[in-house]
Amino acid sequence: MERTAKLFKKEKKQAVILPDEFAFDAESVYIRRDEAGNVVLTARSEKERHRDNFLRLLKTTHVPDSFLSKEERNQSYTTRNPLEGL
């Protein structure tokens, strides 16, 4: 059964009111046009939502300067062959 959604426009933006059965469990969705010109909304994956939540928390978290010494914060890196040992 084909359903319809309500559209409304305010200035240069347009919004769609979706029926409950098409509701997203997210704050935002990806939007794109397919080859036929149809607008496609796609929910962000759970992994992406977790990553975004982590980054948001990271910005608001204060880590005291005494947490790690200057040497511990500035560790060098090593280069290795990822295929070594295969």
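Before reading further, recall that the structure is shown in the block above.
Residues numbered from 1 in each chain as written. Predicted model: local features only at pLDDT ≥ 70, side-chain atom pairs only at ≥ 80, totals over all residues. Heavy atoms only, no water.

Trainee: Give me the lowdown on the overall build of the protein, citing residues and values where you can.
Mentor: Assigned secondary structure in the protein consists of 2 helices and 4 strands. Counting from the amino terminus, helix and strand elements in the protein follow one another as β-β-β-β-α-α. Over its C-alpha atoms the protein spans a radius of gyration of 23 Å, topping by over 25% the 12 Å that the globule rule assigns to 86 residues. Buried residues in the protein amount to 3% of all 86 residues. (Helix = DSSP H or I, 4+ residues; strand = E, 2+ residues; numbered from the N terminus. Rg over C-alpha atoms; globule rule 2.2 N^0.38 Å. Buried < 20%, exposed > 50% of the residue type's maximum accessible area, 1.4 Å probe, protein only.)

Trainee: Which residues make up the pairing of strand 4 (residues 39–43), and what values go with them?
Mentor: Pairing analysis gives 5 bridges linking strand 3 (residues 29–33) to strand 4, with the strands arranged antiparallel. If you follow Val-29 over to strand 4, its bridge partner there is Ala-43. Where strand 3 hands over to strand 4, the hairpin turn is made up of 5 residues, of which Gly-37 adopts a positive phi near 90°. (Pairing = 2+ DSSP bridges.)

Trainee: Can you tell me about the pattern of salt bridges, naming the residues and giving the values?
Mentor: Counted by the stated rule, this structure contains 2 salt bridges. Between Glu-21 and Arg-3 there is a salt bridge whose closest N-O contact spans 2.4 Å. Highlighted residues: Glu-21 in the loop between strand 2 (13–17) and strand 3 and Arg-3 in the segment before strand 1 (6–10), separated in sequence by 18 residues. Overall, Glu-21 belongs to the exposed group, its relative accessible area being 54%. The shortest N-O distance in the salt bridge between Asp-52 and Arg-51 comes to 3.1 Å. (Salt bridge = Lys/Arg side-chain N within 4 Å of Asp/Glu carboxyl O.)

Trainee: So what's going on with a nonpolar patch on the surface? Residues and values would help.
Mentor: On the surface, Leu-7, Val-16, Leu-18, Phe-22, Phe-24, Ile-31, Val-39 and Leu-41 cluster together into a nonpolar patch covering about 700 Å² of accessible area. Within the secondary structure, Phe-24 sits in the loop between strand 2 and strand 3. Overall, the relative accessible area of 33% leaves Phe-24 in the partly exposed class. (Patch = residues over 30% accessible without salt bridge, like charges linked within 9 Å, V, L, I, M, F, W, Y side chains within 5 Å. Areas by Shrake-Rupley, 256 points an atom, 1.4 Å probe, with all protein chains shown as cover.)

Trainee: Any details on the environment of Phe-8? Residues and values, ideally.
Mentor: Within the fold, Phe-8 resides in strand 1. Residues contacting Phe-8, with those up to four places away along its chain left out, are Lys-13, Gln-14, Ala-15 and Ile-17. (Contact = heavy atoms within 4.5 Å.)

Trainee: Requested: an account of the environment of Thr-78, with residues and values cited.
Mentor: Position of Thr-78 among the secondary structure elements: in the segment after helix 2 (70–73). Sequence separation between Thr-78 and Leu-57 is 21 residues; the distance between their C-alpha atoms is 29 Å.

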